[in-house]
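Next come the chains, spelled out residue by residue.
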Amino acid sequence: MNSATTNSTKPLRRFAVSATTTCAAQAEVYGKCILATYTDVKKDACKEEFAKFGACLRETLKKKW
Amino acid sequence: MYRLARIPVLARGRARSFASHSGSPLSGPNTVGPYQVFDRYAKRLQKDRSATREGGERSRTTDYVRNEVAERMIERLLDVKRKFNSILDLGSGPGHLSNLIESDITRKVVMLDSSEKLLHRDPDEGFFDTSVERERIHADEERLLDVVAPNSQEAIVSCLSLHWINDLPGVLVQIKEALQPDGVFIGAMFGGDTLFELRTSLQLAELEREGGISPHVSPMTDTRDVSNLLSRAGFTLLTVDVDEVHVAYPSMFELMEDLRDMGESNAIVGRRGFIHRDTLAAASAVYKALHGNEDGSVPATFQIIWMIGWKPAPNQPKPLERGSGKTNLKDVL
């Protein structure tokens, strides 16, 4: 139980740090895009902004993504 | 009645035996019967796990919302000028509310919860006024009358547990039945706008990334419905009001981690057991952009619906009959 918990928590923790700290700038750009369109949001409405955000996440997390 | 097992093990895929409570989904997890919104079996597992994670430490650190609400509830309980012989705490958890009850309110507290591990998380010593007798019953909150005799309770309290009840009208009726005449029910449940920030962020992120939405945050009871439900269940002298607790978190991830440790993870029937990383990252960005505080933290709202109702009794104060007033309001105003 305990080892399973830590194993499942740590990658998520790393992911959380990347999403909120390391890639904060790209996340903000994406967030602003959603903020501007949230009354009429469609699939891929902020595709380009997310592509940059995702690229940053992939870059920082490498294989652990 | 059907007392073979107090809590049936609702293993998925198991055929329903006919001499049983019909509450469980008839077949697969995506089939929804009447009043089946929440997967009670999953909820019990989540609560059990939350109570045992790191020996209960994680669960204890995330008690803050429940402790806050329990303190507010004690004030309401103290407004009832009566010394009870026994109080039933429905959905007590480890006893957030029960631990605060002192011997000038009651002689005995009975804690009832469907999660055995959570119920026994804390020992009595150091957590509890030991001059109050305590009993723990491990039973399903949805089947209260199986373990509690009708007309037996002086007071029933429920602090932040009713939001996982499938058949809320039915449970309120059971509570009323379990009370003695002139017995009081005081309840607090999450409802209304609870976690609307998380709900909207996940919905927007899922919509924009994946093109559709799935349930992540429970459907909530509305304040308006609660007074209707209480009067439908047969309570009188109703009081219903709303209160909020706001908590700030560093980011959405800490909020979700704390919710998990509170045993409040998603348990909607037919939920997806999976969330794509893209969606999760997107939701975190949306949460911050849409709801974020100026200092960089993100808020979470917990809206609490308070309800007080009394079981009718002949000696209770009642409104006078229409037209029996003797003072003309014209003279007063």
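The structure displayed is predicted, hence computed values, not measured ones.

Quick notes on the rules
Residues numbered from 1 in each chain as written. Chains lettered and ligands numbered in written order. Predicted model: local features only at pLDDT ≥ 70, side-chain atom pairs only at ≥ 80, totals over all residues. Heavy atoms only, no water. Disulfide = S-S within 2.5 Å. Helix = DSSP H or I, 4+ residues; strand = E, 2+ residues; numbered from the N terminus. Buried < 20%, exposed > 50% of the residue type's maximum accessible area, 1.4 Å probe, protein only. Phe/Tyr/Trp six-rings, centres within 6.5 Å; stacked < 30°, edge-to-face > 60°. Contact = heavy atoms within 4.5 Å. Buried area = accessible area lost by both parts, 1.4 Å probe. Salt bridge = Lys/Arg side-chain N within 4 Å of Asp/Glu carboxyl O. Polar contact = N/O pair within 3.5 Å; in protein donor to acceptor, adjacent residues only side chain to side chain. Patch = residues over 30% accessible without salt bridge, like charges linked within 9 Å, V, L, I, M, F, W, Y side chains within 5 Å. Areas by Shrake-Rupley, 256 points an atom, 1.4 Å probe, with all protein chains shown as cover. pLDDT = per-residue confidence, 0-100. Core = buried A, V, L, I, M, F, W, Y, C linked by side-chain atoms within 4.5 Å. Expected span 1.5 Å × (residues − 1).

### Looking at the state of the cysteines
Two cysteines form a disulfide when their sulfur atoms are joined by a covalent bond.
All names here are of chain A.
Then, number 1: Scanning the model with the defined rule gives two disulfides over all chains in all.
Then, number 2: One disulfide bridge connects Cys23 with Cys56, the sulfur atoms lying 2.0 Å from each other. Its torsion about the S-S bond being -90°, the disulfide of Cys23 and Cys56 is classed as left-handed. Taken together, the residues span a long stretch of sequence, with Cys23 in the loop between helix H1 (2-22) and helix H2 (24-37) and Cys56 in helix H3 (residues 47-61) at a distance of 33 residues.
Then, number 3: Classification of Cys23 as buried rests on a relative accessible area of 0%.
Then, number 4: Disulfide partner of Cys33: Cys46, at an S-S distance of 2.0 Å.

### Points about the packing of aromatic side chains
Note on aromatic pairs: each is described by the distance of the centres and the angle between the planes.
Residues and elements named next belong to chain A.
Then, number 1: For the structure on display, the rule yields eight aromatic pairs over all chains.
Then, number 2: Aromatic side chains Tyr30 and Phe50 sit 5.2 Å apart centroid to centroid with 70° between the ring planes, which places their arrangement in the edge-to-face category. Separated by 20 residues along the polypeptide, Tyr30 in helix H2 and Phe50 in helix H3 bring together distant segments of the chain. Considered together, Tyr30 and Phe50 belong to a single accessibility category, that of buried residues.
Then, number 3: Seen in terms of ring centroids, Phe50 and Phe53 are 5.7 Å apart; in terms of plane orientation they differ by 80°. Their pairing is edge-to-face. Linking Phe50 with Phe53, this pair stays in helix H3, spanning three residues, or about one helical turn.
Then, number 4: Aromatic ring contacts, followed pair by pair, group Tyr30, Phe50 and Phe53 into a single cluster.

### Focus on the interface of chain A and chain B
Then, number 1: Contacts between chain A and chain B engage 29 residues on the former and 24 residues on the latter.
Then, number 2: For the pair chain A and chain B, the summed buried surface comes to about 2,200 Å²; carbon and sulfur atoms form 67% of the total.
Then, number 3: Contact with chain B buries surface across chain A, with Phe15, Lys43 and Phe50 of chain A losing the most and accounting together for 21% of the total.
Then, number 4: Applying the counting criterion to the chain A and chain B interface returns four salt bridges.
Then, number 5: Measuring nitrogen to oxygen at the nearest pair gives 3.6 Å for the salt bridge that ties Glu257 of chain B to Arg13 of chain A.
Then, number 6: Across the chain A-chain B interface, the total number found is six residue pairs in polar contact (both at pLDDT 80 or more).
Then, number 7: Mapped onto the side of chain A that touches chain B, the elements with two or more residues apiece are H1, H2 and H3 of chain A.

### Considerations on a nonpolar patch on the surface
All names here are of chain B.
Then, number 1: Together, Leu329, Val332 and Leu333 make up an exposed nonpolar region whose accessible area comes to about 380 Å².
Then, number 2: In this structure, Leu333 sits in the segment after helix H10 (329-332).
Then, number 3: Look at Leu333 and you get exposed, because its relative accessible area is 83%.

### Quick look at the confidence of the model for chain A
Then, number 1: Residues with a pLDDT of 70 or more make up 82% of chain A, whose mean pLDDT is 84.
Then, number 2: For chain A, per-element mean pLDDT is lowest for H1 of chain A, which scores 72, and highest for H2 of chain A, which scores 95.

### So, the nonpolar core
Then, number 1: Counting residues in hydrophobic clusters, the biggest one holds 68 residues, and the most contacted among them are Tyr30 and Phe53 of chain A together with Val69, Leu198 and Phe302 of chain B.
Then, number 2: Not counting the four nearest positions on each side in its chain, Phe302 of chain B is found in contact with Val65, Phe190, Thr194, Leu195, Asp243, Glu244, Val245, Val247, Tyr249 and Leu259 of chain B.
Then, number 3: Grouped together as the second largest cluster of nonpolar side chains are 26 residues, Val110, Leu144, Val226 and Met307 of chain B included.

### A word on the pattern of salt bridges
Then, number 1: Using the criterion set out here, one finds 32 salt bridges over all chains in the structure.
Then, number 2: The residue Asp261 of chain B makes a salt bridge to Arg58 of chain B at a minimum N-O spacing of 2.7 Å. One end of the pair, Asp261 of chain B, is in helix H8 (residues 252-261); the other, Arg58 of chain B, is in helix H2 (residues 57-61), and 203 residues separate them in sequence. Here the two residues Asp261 of chain B and Arg58 of chain B agree in accessibility, since each one is buried.
Then, number 3: We note a salt bridge from Arg272 of chain B to Glu210 of chain B, for which the minimum N-O separation is 2.9 Å. Highlighted residues: Arg272 of chain B in the loop between H8 and helix H9 (277-291) and Glu210 of chain B in helix H6 (residues 196-210), separated in sequence by 62 residues.
Then, number 4: The structure contains a network of salt bridges with shared partners spanning Arg13 of chain A together with Arg53, Arg58, Glu254, Glu257, Asp258, Arg260 and Asp261 of chain B.

### Considerations on helix H1 (residues 40-52) of chain B
Residues and elements named next belong to chain B.
Then, number 1: For H1, with 13 residues, the first-to-last C-alpha span of 19 Å sits near the 18 Å given by 1.5 Å per residue.
Then, number 2: Within H1 the residues assigned to the buried category are Arg40, Ala42, Lys43, Arg44, Gln46, Lys47, Asp48, Ser50 and Ala51.
Then, number 3: If you check the start of H1, you find a side-chain oxygen 3.3 Å away from the backbone N of Tyr41, and it comes from Asp39.

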